[in-house]
Amino acid sequence: MADEEGAAVSVDDLAYDALLEWIADEVAPYVGEGRVADYIPALAQVSPDRFGLALATVDGRLYGVGDYRERFSLQSISKVYSLALVMARDDGRLRGRVGVEPSGNAFNSLIQLEYERGIPRNPFINAGALVVTDLLHTLTGDAAGAVLDFLRSEADDHTVTIDGAVAASEAEHGDLNLALAHFMAAYGNIENPVDVAADHYFRHCSIAMSCAETALATLFLARHGVRADGSRLLPVLGAKRVNALMMTCGAYDAAGEFAFRVGLPAKSGVGGGIVAVVPGRAALCVWSPGLDQHGNSVAGVEALDRFTTATGWSVF
Ligand code: DON
(Lines give C-alpha, C1' and ligand atoms only; values in the text may rest on other atoms or scores of the structure.)
Protein backbone atom coordinates (compact mmCIF):
# COMPACT_ATOMS: atom_id res chain seq x y z
CA MET A 1 0.00 0.00 0.00
CA ALA A 2 1.19 3.53 -0.59
CA ASP A 3 2.08 5.65 2.45
CA GLU A 4 0.99 9.28 2.83
CA GLU A 5 3.68 10.56 0.48
CA GLY A 6 2.70 7.97 -2.10
CA ALA A 7 5.83 5.83 -1.61
CA ALA A 8 5.35 2.10 -1.87
CA VAL A 9 5.59 0.17 1.38
CA SER A 10 7.34 -3.22 1.06
CA VAL A 11 4.85 -5.91 0.25
CA ASP A 12 6.88 -8.26 2.45
CA ASP A 13 5.38 -6.36 5.37
CA LEU A 14 1.89 -7.13 4.26
CA ALA A 15 -0.16 -10.24 4.44
CA TYR A 16 -0.68 -11.17 0.80
CA ASP A 17 -4.15 -12.51 1.49
CA ALA A 18 -5.21 -9.22 3.03
CA LEU A 19 -3.81 -7.36 0.04
CA LEU A 20 -5.80 -9.51 -2.38
CA GLU A 21 -8.98 -9.12 -0.29
CA TRP A 22 -8.49 -5.37 -0.32
CA ILE A 23 -8.11 -5.36 -4.11
CA ALA A 24 -11.25 -7.49 -4.52
CA ASP A 25 -13.24 -5.01 -2.39
CA GLU A 26 -11.83 -2.07 -4.33
CA VAL A 27 -12.77 -3.44 -7.74
CA ALA A 28 -16.15 -4.95 -6.78
CA PRO A 29 -17.98 -1.98 -8.38
CA TYR A 30 -16.34 -2.79 -11.73
CA VAL A 31 -17.21 -6.49 -11.74
CA GLY A 32 -19.98 -7.01 -14.30
CA GLU A 33 -19.00 -3.90 -16.26
CA GLY A 34 -18.11 -4.28 -19.92
CA ARG A 35 -19.33 -6.95 -22.31
CA VAL A 36 -18.73 -10.68 -22.25
CA ALA A 37 -17.20 -11.80 -25.59
CA ASP A 38 -19.99 -13.13 -27.80
CA TYR A 39 -18.27 -13.51 -31.18
CA ILE A 40 -17.37 -16.97 -29.86
CA PRO A 41 -20.89 -18.00 -28.76
CA ALA A 42 -19.68 -20.54 -26.18
CA LEU A 43 -17.97 -17.72 -24.26
CA ALA A 44 -21.18 -15.67 -24.08
CA GLN A 45 -22.61 -18.22 -21.64
CA VAL A 46 -20.21 -17.27 -18.86
CA SER A 47 -21.70 -15.11 -16.12
CA PRO A 48 -20.20 -11.58 -16.11
CA ASP A 49 -20.27 -11.26 -12.31
CA ARG A 50 -17.26 -13.46 -11.62
CA PHE A 51 -13.98 -12.23 -10.23
CA GLY A 52 -10.86 -14.11 -9.21
CA LEU A 53 -7.30 -13.06 -8.53
CA ALA A 54 -4.28 -15.26 -7.80
CA LEU A 55 -0.69 -14.42 -6.95
CA ALA A 56 2.10 -17.00 -7.23
CA THR A 57 5.54 -16.06 -5.92
CA VAL A 58 8.79 -17.37 -7.40
CA ASP A 59 9.33 -19.53 -4.34
CA GLY A 60 6.11 -21.35 -5.22
CA ARG A 61 3.66 -19.86 -2.72
CA LEU A 62 0.12 -19.24 -3.95
CA TYR A 63 -2.48 -16.76 -2.73
CA GLY A 64 -5.95 -16.09 -4.09
CA VAL A 65 -9.26 -14.35 -3.64
CA GLY A 66 -12.76 -14.80 -5.09
CA ASP A 67 -13.25 -17.26 -7.96
CA TYR A 68 -9.53 -17.90 -8.31
CA ARG A 69 -9.93 -21.67 -8.53
CA GLU A 70 -12.64 -21.60 -11.19
CA ARG A 71 -11.52 -22.43 -14.70
CA PHE A 72 -12.10 -20.03 -17.58
CA SER A 73 -11.13 -19.98 -21.26
CA LEU A 74 -7.52 -18.84 -21.68
CA GLN A 75 -8.03 -17.57 -25.21
CA SER A 76 -5.21 -15.18 -26.14
CA ILE A 77 -3.34 -15.83 -22.89
CA SER A 78 -2.40 -19.17 -24.48
CA LYS A 79 -0.41 -17.25 -27.11
CA VAL A 80 2.27 -16.58 -24.48
CA TYR A 81 2.96 -20.29 -24.05
CA SER A 82 2.92 -21.16 -27.76
CA LEU A 83 5.41 -18.35 -28.35
CA ALA A 84 7.65 -19.48 -25.47
CA LEU A 85 7.58 -23.07 -26.73
CA VAL A 86 8.61 -22.00 -30.24
CA MET A 87 11.36 -19.75 -28.89
CA ALA A 88 12.62 -22.59 -26.73
CA ARG A 89 13.00 -24.78 -29.81
CA ASP A 90 13.93 -22.46 -32.64
CA ASP A 91 13.91 -18.74 -32.09
CA GLY A 92 15.53 -17.99 -35.44
CA ARG A 93 12.73 -19.36 -37.60
CA LEU A 94 10.25 -16.77 -36.35
CA ARG A 95 12.45 -13.94 -37.57
CA GLY A 96 11.18 -12.59 -40.84
CA ARG A 97 7.79 -14.29 -40.31
CA VAL A 98 6.44 -12.12 -37.48
CA GLY A 99 7.44 -8.68 -36.14
CA VAL A 100 7.89 -7.29 -32.64
CA GLU A 101 6.05 -3.96 -32.88
CA PRO A 102 2.73 -3.01 -31.29
CA SER A 103 0.04 -3.02 -33.95
CA GLY A 104 -2.17 -0.15 -32.82
CA ASN A 105 -5.01 -2.13 -34.41
CA ALA A 106 -7.59 -4.56 -33.08
CA PHE A 107 -6.34 -8.07 -32.29
CA ASN A 108 -8.20 -9.56 -35.27
CA SER A 109 -7.57 -6.77 -37.78
CA LEU A 110 -6.97 -7.78 -41.38
CA ILE A 111 -6.04 -4.43 -42.87
CA GLN A 112 -2.43 -4.14 -41.70
CA LEU A 113 -1.57 -7.57 -43.08
CA GLU A 114 -2.14 -6.41 -46.64
CA TYR A 115 0.04 -3.33 -46.27
CA GLU A 116 2.73 -5.44 -44.63
CA ARG A 117 2.60 -8.29 -47.12
CA GLY A 118 1.46 -11.10 -44.89
CA ILE A 119 3.94 -10.45 -42.04
CA PRO A 120 2.01 -9.83 -38.79
CA ARG A 121 3.20 -6.98 -36.60
CA ASN A 122 3.68 -9.11 -33.49
CA PRO A 123 3.08 -12.65 -32.17
CA PHE A 124 0.07 -11.72 -30.00
CA ILE A 125 -2.37 -10.34 -32.55
CA ASN A 126 -4.34 -13.23 -34.04
CA ALA A 127 -2.38 -13.25 -37.30
CA GLY A 128 0.94 -13.41 -35.45
CA ALA A 129 -0.29 -16.14 -33.13
CA LEU A 130 -1.46 -18.19 -36.11
CA VAL A 131 2.10 -18.02 -37.53
CA VAL A 132 3.53 -19.03 -34.14
CA THR A 133 1.11 -21.97 -33.88
CA ASP A 134 1.93 -23.00 -37.44
CA LEU A 135 5.66 -23.08 -36.62
CA LEU A 136 5.06 -24.85 -33.31
CA HIS A 137 3.11 -27.47 -35.23
CA THR A 138 5.99 -27.93 -37.66
CA LEU A 139 8.43 -28.26 -34.78
CA THR A 140 6.39 -30.62 -32.60
CA GLY A 141 3.80 -32.31 -34.83
CA ASP A 142 1.10 -31.33 -32.30
CA ALA A 143 0.99 -27.63 -31.46
CA ALA A 144 -2.10 -27.68 -29.22
CA GLY A 145 -0.86 -30.81 -27.47
CA ALA A 146 2.52 -29.19 -26.79
CA VAL A 147 0.86 -26.16 -25.19
CA LEU A 148 -1.48 -28.37 -23.15
CA ASP A 149 1.34 -30.63 -21.91
CA PHE A 150 3.42 -27.63 -20.88
CA LEU A 151 0.54 -26.04 -18.97
CA ARG A 152 -0.41 -29.28 -17.22
CA SER A 153 3.14 -29.68 -16.08
CA GLU A 154 3.68 -26.09 -14.89
CA ALA A 155 0.29 -25.94 -13.14
CA ASP A 156 0.97 -29.40 -11.71
CA ASP A 157 -2.53 -30.50 -12.65
CA HIS A 158 -3.14 -33.09 -15.32
CA THR A 159 -6.87 -32.41 -15.39
CA VAL A 160 -6.21 -29.14 -17.26
CA THR A 161 -7.81 -29.70 -20.64
CA ILE A 162 -9.08 -28.20 -23.89
CA ASP A 163 -12.75 -27.21 -23.66
CA GLY A 164 -14.08 -28.99 -26.75
CA ALA A 165 -17.30 -26.94 -26.85
CA VAL A 166 -15.36 -23.67 -26.92
CA ALA A 167 -12.95 -25.00 -29.57
CA ALA A 168 -15.88 -26.13 -31.74
CA SER A 169 -17.61 -22.78 -31.28
CA GLU A 170 -14.41 -20.94 -32.29
CA ALA A 171 -14.00 -23.12 -35.35
CA GLU A 172 -17.64 -22.68 -36.35
CA HIS A 173 -17.34 -18.89 -36.09
CA GLY A 174 -13.72 -18.75 -37.22
CA ASP A 175 -14.12 -17.11 -40.63
CA LEU A 176 -12.04 -14.07 -39.72
CA ASN A 177 -9.14 -16.13 -38.36
CA LEU A 178 -9.32 -18.40 -41.39
CA ALA A 179 -9.22 -15.33 -43.63
CA LEU A 180 -6.09 -14.13 -41.80
CA ALA A 181 -4.47 -17.54 -42.16
CA HIS A 182 -5.36 -17.90 -45.86
CA PHE A 183 -4.08 -14.42 -46.54
CA MET A 184 -0.75 -15.24 -44.91
CA ALA A 185 -0.62 -18.59 -46.70
CA ALA A 186 -0.89 -16.68 -49.98
CA TYR A 187 2.35 -14.94 -48.96
CA GLY A 188 3.96 -18.24 -48.00
CA ASN A 189 3.80 -17.42 -44.28
CA ILE A 190 1.76 -20.47 -43.19
CA GLU A 191 3.52 -23.74 -43.91
CA ASN A 192 0.98 -26.31 -42.75
CA PRO A 193 -2.49 -26.62 -44.33
CA VAL A 194 -4.49 -23.59 -43.15
CA ASP A 195 -7.21 -25.72 -41.55
CA VAL A 196 -4.59 -27.64 -39.54
CA ALA A 197 -2.83 -24.51 -38.26
CA ALA A 198 -6.18 -22.87 -37.44
CA ASP A 199 -7.49 -25.99 -35.67
CA HIS A 200 -4.44 -26.12 -33.37
CA TYR A 201 -4.76 -22.38 -32.72
CA PHE A 202 -8.48 -22.69 -31.83
CA ARG A 203 -7.70 -25.61 -29.55
CA HIS A 204 -4.88 -24.02 -27.57
CA CYS A 205 -7.01 -20.86 -27.18
CA SER A 206 -9.75 -23.10 -25.73
CA ILE A 207 -7.66 -24.51 -22.87
CA ALA A 208 -9.50 -23.86 -19.60
CA MET A 209 -7.51 -23.00 -16.48
CA SER A 210 -8.08 -21.20 -13.21
CA CYS A 211 -6.32 -18.03 -12.05
CA ALA A 212 -4.32 -20.19 -9.63
CA GLU A 213 -3.19 -22.57 -12.37
CA THR A 214 -2.43 -19.77 -14.83
CA ALA A 215 -0.36 -17.81 -12.32
CA LEU A 216 1.68 -20.94 -11.50
CA ALA A 217 2.10 -21.79 -15.18
CA THR A 218 3.47 -18.31 -15.91
CA LEU A 219 6.07 -18.28 -13.14
CA PHE A 220 8.74 -19.40 -15.61
CA LEU A 221 8.70 -15.85 -16.99
CA ALA A 222 9.18 -14.39 -13.49
CA ARG A 223 12.03 -16.88 -12.99
CA HIS A 224 13.78 -15.62 -16.15
CA GLY A 225 13.03 -18.81 -18.07
CA VAL A 226 13.21 -21.52 -15.39
CA ARG A 227 10.32 -24.02 -15.14
CA ALA A 228 8.62 -25.36 -12.03
CA ASP A 229 10.85 -28.46 -12.00
CA GLY A 230 14.02 -26.33 -12.07
CA SER A 231 14.83 -27.04 -15.72
CA ARG A 232 15.29 -24.14 -18.10
CA LEU A 233 12.73 -23.53 -20.88
CA LEU A 234 14.20 -20.28 -22.16
CA PRO A 235 17.54 -18.56 -21.81
CA VAL A 236 17.43 -15.34 -19.77
CA LEU A 237 17.43 -13.41 -23.05
CA GLY A 238 14.43 -15.39 -24.32
CA ALA A 239 12.42 -14.71 -21.16
CA LYS A 240 13.31 -11.03 -21.44
CA ARG A 241 12.00 -11.00 -25.00
CA VAL A 242 8.69 -12.69 -24.17
CA ASN A 243 8.19 -10.27 -21.27
CA ALA A 244 9.03 -7.31 -23.53
CA LEU A 245 6.49 -8.44 -26.10
CA MET A 246 3.86 -8.83 -23.38
CA MET A 247 4.61 -5.31 -22.21
CA THR A 248 4.40 -3.72 -25.66
CA CYS A 249 1.79 -5.91 -27.37
CA GLY A 250 -0.01 -7.97 -24.70
CA ALA A 251 -3.02 -5.68 -24.38
CA TYR A 252 -3.24 -4.97 -28.15
CA ASP A 253 -4.26 -1.44 -29.05
CA ALA A 254 -4.55 -0.62 -25.32
CA ALA A 255 -0.95 -1.67 -24.55
CA GLY A 256 0.14 1.92 -23.95
CA GLU A 257 -2.68 2.62 -21.53
CA PHE A 258 -2.04 -0.71 -19.81
CA ALA A 259 1.67 0.08 -19.34
CA PHE A 260 0.72 3.52 -18.08
CA ARG A 261 -1.69 2.14 -15.48
CA VAL A 262 -0.21 -1.23 -14.55
CA GLY A 263 3.41 -1.24 -15.69
CA LEU A 264 3.89 -4.99 -15.97
CA PRO A 265 4.35 -7.44 -18.85
CA ALA A 266 0.89 -8.96 -19.27
CA LYS A 267 -1.37 -10.81 -21.66
CA SER A 268 -5.13 -10.58 -21.84
CA GLY A 269 -7.68 -12.94 -23.35
CA VAL A 270 -11.31 -12.52 -24.40
CA GLY A 271 -12.27 -15.12 -21.80
CA GLY A 272 -11.72 -12.25 -19.33
CA GLY A 273 -8.35 -13.36 -17.97
CA ILE A 274 -5.18 -11.31 -17.73
CA VAL A 275 -1.85 -12.80 -16.68
CA ALA A 276 0.94 -10.49 -15.52
CA VAL A 277 4.59 -11.04 -14.66
CA VAL A 278 6.62 -9.31 -11.95
CA PRO A 279 10.14 -10.32 -13.10
CA GLY A 280 12.14 -11.88 -10.29
CA ARG A 281 9.16 -11.95 -7.94
CA ALA A 282 5.81 -13.31 -9.01
CA ALA A 283 3.12 -14.02 -11.58
CA LEU A 284 -0.49 -12.92 -11.17
CA CYS A 285 -3.68 -13.89 -12.93
CA VAL A 286 -6.97 -12.07 -12.69
CA TRP A 287 -10.26 -13.13 -14.25
CA SER A 288 -13.50 -11.25 -14.73
CA PRO A 289 -15.40 -11.78 -17.99
CA GLY A 290 -16.67 -8.23 -18.73
CA LEU A 291 -14.42 -6.76 -21.46
CA ASP A 292 -13.66 -3.22 -22.60
CA GLN A 293 -13.72 -2.26 -26.29
CA HIS A 294 -10.16 -3.56 -26.77
CA GLY A 295 -10.99 -7.04 -25.44
CA ASN A 296 -9.37 -6.57 -22.02
CA SER A 297 -11.15 -7.40 -18.74
CA VAL A 298 -12.49 -4.19 -17.15
CA ALA A 299 -12.26 -5.36 -13.52
CA GLY A 300 -9.01 -7.20 -14.33
CA VAL A 301 -7.23 -4.00 -15.41
CA GLU A 302 -8.60 -2.21 -12.35
CA ALA A 303 -7.29 -4.97 -10.07
CA LEU A 304 -3.79 -5.01 -11.59
CA ASP A 305 -3.66 -1.21 -11.44
CA ARG A 306 -4.49 -1.41 -7.70
CA PHE A 307 -1.93 -4.18 -7.21
CA THR A 308 1.06 -2.36 -8.70
CA THR A 309 0.09 0.98 -7.19
CA ALA A 310 -0.23 -0.56 -3.72
CA THR A 311 2.90 -2.70 -3.83
CA GLY A 312 5.25 -0.73 -6.06
CA TRP A 313 5.81 -4.03 -7.90
CA SER A 314 5.94 -2.64 -11.40
CA VAL A 315 8.88 -2.72 -13.79
CA PHE A 316 8.96 1.10 -13.74
O1 DON B 1 -8.87 -15.95 -32.14
C2 DON B 1 -9.59 -15.37 -31.33
O3 DON B 1 -10.27 -14.41 -31.65
C4 DON B 1 -9.59 -15.87 -29.91
N5 DON B 1 -9.29 -17.27 -29.88
C6 DON B 1 -8.59 -15.16 -29.05
C7 DON B 1 -8.75 -13.66 -29.03
C8 DON B 1 -8.38 -13.03 -27.75
O9 DON B 1 -8.41 -13.61 -26.70
C10 DON B 1 -8.08 -11.59 -27.81
N11 DON B 1 -7.76 -11.11 -26.48
N12 DON B 1 -8.10 -10.23 -25.83
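Residues numbered from 1 in each chain as written. Predicted model: local features only at pLDDT ≥ 70, side-chain atom pairs only at ≥ 80, totals over all residues.

Per an unreviewed UniProt entry, the protein chain goes by Glutaminase and derives from Catenulispora yoronensis. Per UniProt, the comment on the protein chain under Catalytic activity (unreviewed entry) is "L-glutamine + H2O = L-glutamate + NH4(+)". The UniProt entry for the protein chain carries this comment under Sequence similarities (unreviewed entry): "Belongs to the glutaminase family." (UniProt positions renumbered as here; feature names shortened; annotations may be inferred.)

Colleague: Sorry if this is basic, but what is going on with the sheet that holds strand β6 (residues 266-268) here?
Modeller: Backbone-to-backbone hydrogen bonds join strands into a sheet, with any given pair of strands oriented parallel or antiparallel. If you walk across this open sheet you meet the five strands as β2-β1-β8-β7-β6, and the pairing is antiparallel. The open sheet has two free edges, formed respectively by β2 (62-66) and β6, since each of these has just one partner strand. Within this sheet the neighbouring strands show an average axis-to-axis angle of 10°, counted without direction. As paired strands, strand β1 (residues 52-57) and strand β8 (residues 282-287) are joined by six bridges and run antiparallel to one another. The partner of leucine 53 across the bridge, within β8, is valine 286. Its contacts with the sheet put helix α1 (residues 16-27) on β1 and β2, and the angle it makes with β2 is roughly 30°. Along the sheet face, helix α13 (residues 298-311) touches β1, β6, β7 (273-278) and β8 and points at about 145° away from the line of β8. (Pairing = 2+ DSSP bridges. Helix = DSSP H or I, 4+ residues; strand = E, 2+ residues; numbered from the N terminus. Axes fitted to C-alpha atoms, helices over the stretch in contact; angles between N-to-C directions. Contact = placed C-beta atoms within 7 Å.)

Colleague: It is not clear to me how the pairing of β1 should be interpreted in this structure. Could you clarify?
Modeller: For β1, the tally of buried residues reaches five of six residues, placing the bulk of the element in the interior. As defined by bridge partners, β1 adjoins β2 across five bridges and the pair is classed as antiparallel. Within β2, the position partnered with alanine 56 by the bridge is leucine 62. Turn length for the β1-β2 hairpin, with the two strands adjacent in sequence and antiparallel, is four residues, and the turn residue glycine 60 shows positive phi of about 90°. (Buried ≥ 20, exposed ≤ 12 C-beta atoms within 10 Å, placed from the backbone.)

Colleague: Got a minute to help me understand helix α5 (residues 143-155) in this structure?
Modeller: Residue pairs spaced three or four apart in an α-helix point in one direction, given the helix's 3.6 residues per turn. Here α5 is 13 residues long and its end C-alpha atoms lie 18 Å apart, about the 18 Å a rise of 1.5 Å per residue gives. Along α5, the positions that sit buried rather than exposed are Ala143, Ala144, Ala146, Val147, Leu148, Leu151, Glu154 and Ala155. Positive phi shows up at aspartate 156, right after α5, with a value of about 55°. (Expected span 1.5 Å × (residues − 1).)

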